[in-house]
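The chain contents come next:
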Amino acid sequence: MASSLPPDNHAIARVLVEIADLLEIKGENPFKIRAYRNGADTVSTCAETVASLTAAELVQLPGIGRDLAGRIRELIDTGAIAFHQELLAELPVTLLDLTRLQGVGPKTVALLYRALDISTLDELEAAARSGRLRGLRGMGEKKEALILKALDERKRHSGRHLLADTHDIAVAVAAHLRHAAPGTEFVPVGSLRRQSETCGDLDILAIGGEPALFDAFVGHPLVERVLGRGETKSSVLLRGGYQVDVRLVPPASRGAALQYFTGSKAHNIALRDMALSRGWKLNEYGLFDNATGAPIAGETEDGLYEALGMTFVPPELRENRGEIQAASARNLPRLLSLSDLRGDAHCHTDATDGRDTVEAMAMAAKAAGLSYLAITDHSRALAMTGGLDEEGALRHAARVREVSKRLDGIRLLAGIECDIRPDGTLDLAEDCLAQLDLVVASVHSAFGLDEAQMTDRILRAIESPVVDVLGHPTGRLLLRRDAYAVDMARVVNAAARYGVTLEINSQVDRLDLNDVHSRLARERGVKVVIDSDAHAQAGFGTLRWGVAVARRAWLSPEDVLNTRDVEGFLAGLRRNRSKQ
DNA sequence: GCCGTTTTCGGCCCGACTGTTTTCAGTCG
């Protein structure tokens, strides 16, 4: 059995980031800190398994020099980095929780720790509530309120995890279990199977196995604590705070167990209600006749739904949001699949904050099965990324078009992700934007506007004739930052009126639009585009998460603009529609 | 700490916004 697996790229990157965070709190040389962050970036986007590389090979990677290569090898060989351990001995690890609060950075954390000996979220909250923060330099009433708000957001998110992270954990745990119990089927259920944007606990169903498989489960190297070990169910807490439950069920209950443990609770209650009204009983073992106790269905999920007079309900729809009525009327939409996507309308290159060249991104998109890709680097307002001004944008566009001519099997479109300024005007002149193939307009600043101001700001951008797509429309960062205040009903209506496409941004911590707003878009006849917002060659893999949102939103291929071929896609853009 | 040399030092993405200031520090992207 695997005992000490080598750390994967993400695990290595996490340690490097932690070193950078701790150095930052210590007030170390900012360039040294950046070097650790760059190194972490390189490792996490590296296509190869970093743990398999020698020190000599490591220094070939960009941003990894002699020192970082040595530290990474040390981590792989010994399981830890002494320098990292020294830092942790010097500063409480809980300080890192504080830096993750919105609006609280390393300087503030250092000040709180030095002046008030605050090192945990609870201590910070107590200090803020008792007004002790106000005595500190640079801290006033508003800063105190900001910290309390950030603490509140943080509390609401605790114990939840991003869908993509949960998926990764599930894959790792399931692989371990399959290795230990080759004859048993393991299926992740619960919110992961429904592809919810965040997941709490991870539930895995073990179908047709022996209770001995729980020995392997609780012995997994990532297990921090065993919460329970029984004959049909065991629970553990993994490092990083994941609770994982494995339930063992007999093959005869396969369908019923899948159905029951996939949920959602609201969907299950509605189904049980239907069963009840027919004189049946539905539970995790099957569907039974109340009078005779005879089994009616339960071996397959299909059979279960069929017995209740419904077509199979895809897990993503099981939220009791009308799917039961639609499935009973045999009227569910044909949901979008990843393989329906033919293009991507949002990505970045090394011209701004992407890592890779136009050519490299094009080849990666092609390898991901796409036939067209819009290059949409940032506009000048995002100075930190080296955002392009009008001249830069047009020069970049000319280059993208020139590269596109030389490529086989993938067509590049010259676009831009143009900032929407706080007043709703665009960051670049209209005559420049009009010369591009498409414009994605996005908000990246002044998130604190009130709802009326923010809505006006976005409506003004939608009204601009050169805007084709509204990028990540609500600006949320999952588990980190709430959406800004905006009236999405008005935004969707305006998008319908002007023919603007709304983006589902597939970045794992954005998924923005969310499922509810995407469904609203569909109902109002607004087209959606599912974008990767890739910043590196590996970034196209996130499209599956955008597709998950679309499926939860009941979207069919015809609702999604980038399921069309490139001509159809271009024809559907606002700038070309208005010419018709 | 990395990188690229005009090879062993000196530069390294920087502007907007906020809240605290009275000229700026911290955070974010």
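Each remark here, short or long, concerns the structure printed above.
Residues numbered from 1 in each chain as written. Chains lettered and ligands numbered in written order. Predicted model: local features only at pLDDT ≥ 70, side-chain atom pairs only at ≥ 80, totals over all residues. Heavy atoms only, no water.

> Please clarify how the packing of aromatic side chains should be interpreted in this entry.
To describe a pair of aromatic rings, one takes the distance between the centres and the angle between the planes. By the definition in use, this model includes 5 aromatic pairs. Ring centres of tyrosine 260 and phenylalanine 261 lie 4.9 Å apart, and the angle between their planes is 85°; on these two criteria the pair is classed as edge-to-face. Using a relative accessible area of 16% as the deciding quantity, one classes phenylalanine 261 as buried. When the centroid spacing of 5.1 Å and the interplanar angle of 40° are considered together, the rings of tyrosine 372 and phenylalanine 569 count as tilted. Taken as a pair, tyrosine 372 in strand β12 (residues 372-378) and phenylalanine 569 in helix α24 (residues 566-572) lie far apart in primary sequence, 197 residues in all. For phenylalanine 569, a relative accessible area of 1% translates into the label buried. Lying over the aromatic face of tryptophan 545, arginine 544 brings its terminal NZ or CZ to 4.4 Å of the ring centre. (Phe/Tyr/Trp six-rings, centres within 6.5 Å; stacked < 30°, edge-to-face > 60°. Buried < 20%, exposed > 50% of the residue type's maximum accessible area, 1.4 Å probe, protein only. Helix = DSSP H or I, 4+ residues; strand = E, 2+ residues; numbered from the N terminus. Lys NZ or Arg CZ within 6 Å of the ring centre and 35° of its normal.)

> What exactly am I supposed to notice about the side chain of serine 234 here?
Inspection of the secondary structure puts serine 234 in strand β6 (residues 233-238). Judged by relative accessible area, serine 234 falls into the buried class, the value being 1%. A polar side-chain atom of serine 234 sits 3.3 Å from the main-chain amide nitrogen of glycine 230. Apart from residues lying up to four places away in sequence, serine 234 is in contact with Phe214, Phe217, Val218, Gly228, Arg229, Val244, Asp245 and Val246. (Polar contact = N/O pair within 3.5 Å; in protein donor to acceptor, adjacent residues only side chain to side chain. Contact = heavy atoms within 4.5 Å.)

> Would you take a moment to explain the nonpolar core for this structure?
One recurring pattern in soluble globular proteins is that nonpolar side chains are buried together. Grouped together as the largest cluster of nonpolar side chains are 93 residues, with contacts concentrated most on Leu373, Leu412, Leu426, Leu433, Ile458 and Ile530. Sequence-distant contacts of leucine 373, defined by excluding residues within four places in its chain, comprise Asp344, Cys347, Met361, Ala362, Ala365, Ile410, Arg411, Leu412, Leu413 and Phe540. Residues Ile12, Val15, Tyr36 and Ala40 belong to the second largest nonpolar core, which totals 48 residues. (Core = buried A, V, L, I, M, F, W, Y, C linked by side-chain atoms within 4.5 Å.)

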